[in-house]
Amino acid sequence: MLAYFGPSGTFTEQAARGFATPQQELVPFDTVPAALAATRRGETEAACVPVENSVEGAVPATMDALTEGEPLVAVAEAVLPVRFSVLKRPGDEPVRTVASHPHALGQVRRWLAEHLPDAEVVATTSTAAAARAVLHGQFDAAVSAPVAVRHYPLEVLAADVADVRDAKTRFLLLREPGPLPEPTGRDRTSVVCTVADRPGVLADLLSELALRAVNLTRIESRPTKDRLGEYRFSIDMDGHVAEPRVGDALAGLHRHCQHLRFLGSYPRAEPGGTPAGNDEFVSAAAWVAAVREGRGA
Ligand SMILES: O=C(O)C(=O)C[C@]1(C(=O)O)C=C[C@@H](O)C=C1
């Protein structure tokens, strides 16, 4: 079974369908923490959740749920293009309220200001939860994934809605810790660094990556929630922990962190990223080994 952030008709369900094996049953959960908790309890083999949007940035619910609680690791990612359909109940009722996931609302702000300027905008747990609520008469319109109309008998008020063309959302497939996916040469590694509040600590973290030419693809700070002003850094980088330079960089991060959580090394969904380039690290390690054994100088 594969848990996903639902209900039926979310973008996340589409990503989950791409990950699922033909015999794997998909199970929706109304929140990201609930989908992850099912996997932590061993009720589902994996969970699919959104992690990052090209317009609105990281999905805070995912960042927090992966940082807190029992560790889970990402084994795959998917990137989907994001365009919305605005759905309403059939009929001529005016649209006084429009609902969606905050990330979706952030991606259609201009469209709403232009086309539904008087509508009250309401946040829901997901785009599909908004469609479901419209069906039940709680709101007048929902900003949803285009597939939602197949799950909820609503009318399409507007299709192909997006303030930013080519917006994309990245999703992760997470499992309990176990064997890592093999390196492919175009991988991504994700970690969360909890650090002491001291001058230069962020520069120290970044230097560990820069020294090894490890490309940072995302850095985000999230409050630890314990004390005002105390933050964690959520970091994505190109490469796989099995690569010597990435392993070295993670060891370097570990030295600066109070706690370093490994969130996985997994193949990138899209081409790009910096090429692996481990040769100097392999030959340098061989040189050190030779020196230690008295075979080199
Ligand atoms: O609500 C959904 O449909 C989701 O899958 C969540 C989500 C997100 O968290 O960013 C996914 C893609 C879109 O960017 C809008 C919402």
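All figures in this text were calculated on a predicted structure; none of them were measured in a lab.

The rules behind each value
- For every chain, the first residue of its written sequence is number 1, and the numbers climb from 1 along that sequence.
- For a predicted model such as this one, the threshold for reporting local features is a pLDDT of at least 70, and the threshold for listing and counting side-chain atom pairs is 80 or more; totals across whole chains, interfaces and linings nevertheless cover every residue.
- The basis for the side-chain values is all heavy atoms of the structure; hydrogens and waters are excluded.
- Counting from the N terminus, the helices are the DSSP runs of H or I reaching at least four residues and the strands are the DSSP runs of E reaching at least two.
- Each residue gets one of three labels from its accessible area relative to the maximum for its type: buried under 20%, exposed over 50%, partly exposed in between, using a 1.4 Å probe on protein chains only.
- Any two residues having at least one pair of non-hydrogen atoms within 4.5 Å are treated as being in contact.
- Using a 1 Å grid laid over the protein atoms alone, points where a 1.4 Å probe fits but cannot get out form a cavity; open sets with protein on both sides within 12 Å along at least 5 of 7 lines form a pocket; any residue with an atom within 4 Å of a point counts as lining.
- Grid points are joined across faces, edges and corners, and a volume is the space filled by probe spheres set on the points.
- Here the nonpolar group is Ala, Val, Leu, Ile, Met, Phe, Trp, Tyr, Cys and Pro; Asp, Glu, Lys and Arg are the charged ones; every other residue, Gly included, is treated as polar.
- Each domain's limits were defined by an automated method or a database of domain assignments.
- Two cysteine sulfur atoms form a disulfide, by the criterion used here, when they sit within 2.5 Å.
- We call a residue near a molecule or strand as soon as one heavy atom of that residue lies within 4 Å of the molecule or strand.
- A 3.5 Å cut-off defines polar contacts: any pair of N or O atoms within that distance qualifies, except that in protein one atom must be a possible hydrogen donor and the other a possible acceptor, and neighbouring residues in sequence count only when both atoms are side-chain atoms.
- Using a 1.4 Å probe, the Shrake-Rupley method yields the accessible areas, and only the shown protein chains count as cover for residues.
- What decides whether a molecule sits in a cavity or pocket is whether more than half of its atoms lie within 2 Å of the grid points.
- Every case where a carboxyl oxygen of Asp or Glu lies within 4 Å of a side-chain nitrogen of Lys or Arg is listed as a salt bridge.
- Each of two parts loses accessible area, computed with a 1.4 Å probe, when they are put together; buried area is these two losses added.
- Should DSSP find at least two bridges between two strands, the strands are taken to pair.
- Helix axes are fitted only over the stretch in contact, all axes being lines through C-alpha atoms; the angle between N-to-C directions runs from 0 to 180 degrees.

## Details of the overall build of the protein chain
Then comes step 1: On a plain count of helices and strands, the protein chain comes out with 10 helices and 15 strands.
Then comes step 2: Principal axes of the C-alpha set define a box for the protein chain whose edges measure 85 × 45 × 35 Å.
Then comes step 3: Residues counted as buried form 49% of the 297 residues belonging to the protein chain.
Then comes step 4: When contacts within the protein chain are restricted to residue pairs at least 6 apart in sequence, long-range pairs at least 24 apart make up 76% of them.

## Remarks on empty space enclosed by the protein
Then comes step 1: By the definition in use, this model includes four cavities of 30 Å³ or more.
Then comes step 2: Of the volumes computed, that of the largest cavity is approximately 180 Å³.
Then comes step 3: What lines the largest cavity is a set of 17 residues, and nearest its centre among them are Phe11, Pro50, His101, His103 and Thr169.
Then comes step 4: Counting only elements with at least two residues in the lining of the largest cavity, the list comes to α1 (11–19), β3 (46–53), α4 (102–106) and β11 (168–175).
Then comes step 5: Grouping the amino acids of the lining of the largest cavity by side-chain chemistry returns eight nonpolar, nine polar and no charged.
Then comes step 6: Taken domain by domain, the makeup of the lining of the largest cavity includes at least three residues from each of domain 1 (1–80 + 168–178) and domain 2 (83–161).
Then comes step 7: Taken as a whole, the second largest cavity spans an internal volume of roughly 60 Å³.

## Observations concerning the state of the cysteines
Then comes step 1: This model, assessed by the stated rule, comprises zero disulfides.
Then comes step 2: With no disulfide partner, Cys193 has as its closest neighbouring cysteine sulfur the one in Cys257, 3.9 Å distant.
Then comes step 3: By relative accessible area, which is 0% here, Cys193 ends up buried.
Then comes step 4: Under the relative-accessibility criterion, Cys257 is labelled buried at 13%.

## Digging into the site of the ligand
Then comes step 1: Neighbouring the ligand are 14 residues; Phe11, Thr12, Gln107, Thr127 and Thr169 lie closest to it.
Then comes step 2: A distance of 3.0 Å separates an oxygen atom of the ligand from a polar backbone atom of Phe11.
Then comes step 3: Protein coverage of the free-state accessible area of the ligand, which is 360 Å², stands at 100%.
Then comes step 4: In this structure, the ligand is accommodated by the largest cavity.

## A few points about the pattern of salt bridges
Then comes step 1: The final tally for this structure, using the stated rule, is 24 salt bridges.
Then comes step 2: The partner of Glu43 in a salt bridge is Arg41, with the nearest N and O atoms 2.7 Å apart.
Then comes step 3: Several salt bridges share partner residues, and in doing so they unite Glu52, Glu77, Arg170, Arg188, Arg218, Glu220 and Asp236 into one network.

## Section: the domain arrangement of the protein chain
Then comes step 1: Along its sequence, the protein chain is organised into domain 1 (1–80 + 168–178), domain 2 (83–161) and domain 3 (180–271).
Then comes step 2: Computed over C-alpha atoms only, the centres of domain 1 and domain 2 are separated by 23 Å.
Then comes step 3: The partner domain 2 presents 20 residues to the 17 residues of domain 1 that form the contact.
Then comes step 4: Summing both sides of the interface, domain 1 and domain 2 together bury roughly 1,300 Å²; the carbon and sulfur share of this comes to 61%.
Then comes step 5: Contact with domain 2 buries surface across domain 1, with Gly9, Phe11 and Glu56 losing the most and accounting together for 38% of the total.
Then comes step 6: Put simply, domain 1 and domain 2 have one salt bridge between them.
Then comes step 7: Sorting the residues of the side of domain 1 that touches domain 2 by element identifies α1 and β4 (57–58) as the ones contributing at least two each.
Then comes step 8: When residues of the side of domain 1 that touches domain 2 are assigned to their parent elements, the largest contribution, three residues, is made by α1.
Then comes step 9: Of the residues belonging to the side of domain 1 that touches domain 2, the class tally is seven nonpolar, seven polar and three charged.

## As for the sheet that holds strand β7 (residues 97–100)
Then comes step 1: Reading across the sheet, the five strands line up as β8-β7-β9-β6-β10 and stay open at both edges, with mixed pairing between neighbours. Each end of this open sheet is capped by a strand with a single partner; those strands are β8 (120–123) and β10 (155–161). Taken over all neighbouring pairs, the strand axes of this sheet differ in orientation by 25° on average, direction set aside.
Then comes step 2: In the sheet, strand β6 (residues 84–88) pairs with strand β9 (residues 141–144) via four bridges, with the strands oriented antiparallel. When the sheet's bridge partners are listed, Val86 is paired in β9 with Val143.
Then comes step 3: With respect to the sheet, helix α6 (residues 127–135) is in contact with β6, β7 and β9, its orientation differing from that of β9 by roughly 155°.

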